[in-house]
Amino acid sequence: MEFATKCIHEIGAADATDACLGALDAWLVIRDIKTLPLRMEQHQKNAFAIAKWLQEQPRVQYVLYPGLENHPGYAINKAQTTGMISFAVDSAETARQILEGVKLIKFTESLGGTESLITHTDLTAEECAEKGITDCLLRFSTGIEATQDLIDDLAQAFAAVE
């Protein structure tokens, strides 16, 4: 609630310069900030369980998730939470089939929110080459759904890969 109070104060101060949220946006911040800790806890729980599960999948080459103890960002992640996982599969075709195979998890270009979302890169081939991103890399933003439902959805998508 301290954050919400600060937001309201700053919104009031910014009102004179028109650099503020509209009434509905401000109300949504006030409403949603109340459940933020619960949502972040579930995002983190889901991300950790799914990252561990992905590490065991034969088609997964590597998993990048700062909540895993072997990740270089693990110490920082202990002070922060994240529901973002990146993982590479064995081929571009496997990546495509997983994106097409998930049912509960939505395939999208935009990440964030309470629902689980999975995406592929939207960078150009040149940008990908420059950053070392391959067409086997998938990004997964865990939502607040039941952990086992998300793992089951990924499992059925992996199982359907030919």
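Residues numbered from 1 in each chain as written. Predicted model: local features only at pLDDT ≥ 70, side-chain atom pairs only at ≥ 80, totals over all residues. Heavy atoms only, no water.

Here we look at the overall build of the protein
Okay, so step 1: Assigned secondary structure in the protein consists of seven helices and five strands.
Okay, so step 2: Its helices and strands in sequence order give the protein the pattern α-α-α-β-α-β-α-β-β-α-β-α, from N to C terminus.
Okay, so step 3: Buried residues in the protein amount to 37% of all 162 residues.
Okay, so step 4: Pairs at least 24 apart in sequence give 63% of the contacts found in the protein among residues at least 6 apart.
Okay, so step 5: Total accessible area computed for the protein in this model is approximately 9700 Å², and 57% of it derives from carbon and sulfur atoms. (Helix = DSSP H or I, 4+ residues; strand = E, 2+ residues; numbered from the N terminus. Buried < 20%, exposed > 50% of the residue type's maximum accessible area, 1.4 Å probe, protein only. Contact = heavy atoms within 4.5 Å. Areas by Shrake-Rupley, 256 points an atom, 1.4 Å probe, with all protein chains shown as cover.)

Quick word on the pairing of strand β4 (residues 117–120)
Okay, so step 1: Of the two faces of β4, the one carrying L117 and T119 and the one carrying I118 and H120 are both buried.
Okay, so step 2: Here strand β3 (residues 106–107) pairs with β4 via two bridges, running parallel. Residue pairing across strands places F107 opposite I118, the latter belonging to β4.
Okay, so step 3: Pairing of β4 with strand β5 (residues 137–141) involves four bridges; the strand directions are antiparallel. Across the sheet, H120 pairs through a bridge with L138, a residue of β5. (Pairing = 2+ DSSP bridges.)

Focus on the packing of aromatic side chains
Okay, so step 1: According to the stated counting rule, one finds two aromatic pairs in the structure shown.
Okay, so step 2: Here the aromatic rings of W53 and F158 are separated by 5.7 Å at their centres, their planes lie at 75°, and the arrangement is edge-to-face. Taken together, the residues W53 in helix α3 (residues 36–55) and F158 in helix α7 (residues 147–159) connect sequence positions 105 residues apart.
Okay, so step 3: By relative accessible area, F158 is classed as buried at 9%.
Okay, so step 4: Feature note: the residues W53, F87 and F158 constitute an aromatic cluster, connected by ring pairs. (Phe/Tyr/Trp six-rings, centres within 6.5 Å; stacked < 30°, edge-to-face > 60°.)

A look at the pattern of salt bridges
Okay, so step 1: Going through the model one piece at a time under the given rule, you end up with four salt bridges.
Okay, so step 2: Note that D32 is salt-bridged to R31, the shortest N-O span being 2.6 Å.
Okay, so step 3: The partner of E93 in a salt bridge is R96, and the shortest N-O contact between them spans 2.2 Å. Taken together, the positions of E93 and R96, both in helix α5 (residues 92–101) and three residues apart, correspond to about one turn of that helix. (Salt bridge = Lys/Arg side-chain N within 4 Å of Asp/Glu carboxyl O.)

Observations concerning the sheet that holds strand β2 (residues 84–89)
One key point about sheets: their strands pair by backbone hydrogen bonds, in either a parallel or an antiparallel sense.
Okay, so step 1: One open sheet accounts for five strands, arranged β1-β2-β5-β4-β3; its pairing is mixed. Each edge of the open sheet carries a strand with a single partner, namely β1 (60–64) and β3.
Okay, so step 2: Examined bridge by bridge, β1 and β2 share four bridges and lie antiparallel to one another. The partner of V60 across the bridge, within β2, is V89.
Okay, so step 3: Seen against the sheet, α3 touches β1, β2 and β5 and runs at an angle of roughly 15° to β2.
Okay, so step 4: Packing against the sheet, α5 makes contact with β2, β3, β4 and β5, and its axis sits at approximately 150° to β4. (Axes fitted to C-alpha atoms, helices over the stretch in contact; angles between N-to-C directions.)

A few points about the environment of I50
Okay, so step 1: When you line up the elements, I50 lands in helix α3.
Okay, so step 2: In sequence terms I50 and L154 are 104 residues apart; their C-alpha atoms lie 8.9 Å from each other.

Things to note about the environment of A125
Okay, so step 1: Of note, A125 is situated in helix α6 (residues 125–131).
Okay, so step 2: A125 sits 10 residues away from D135 along the chain, and the two C-alpha atoms are 9.2 Å apart.

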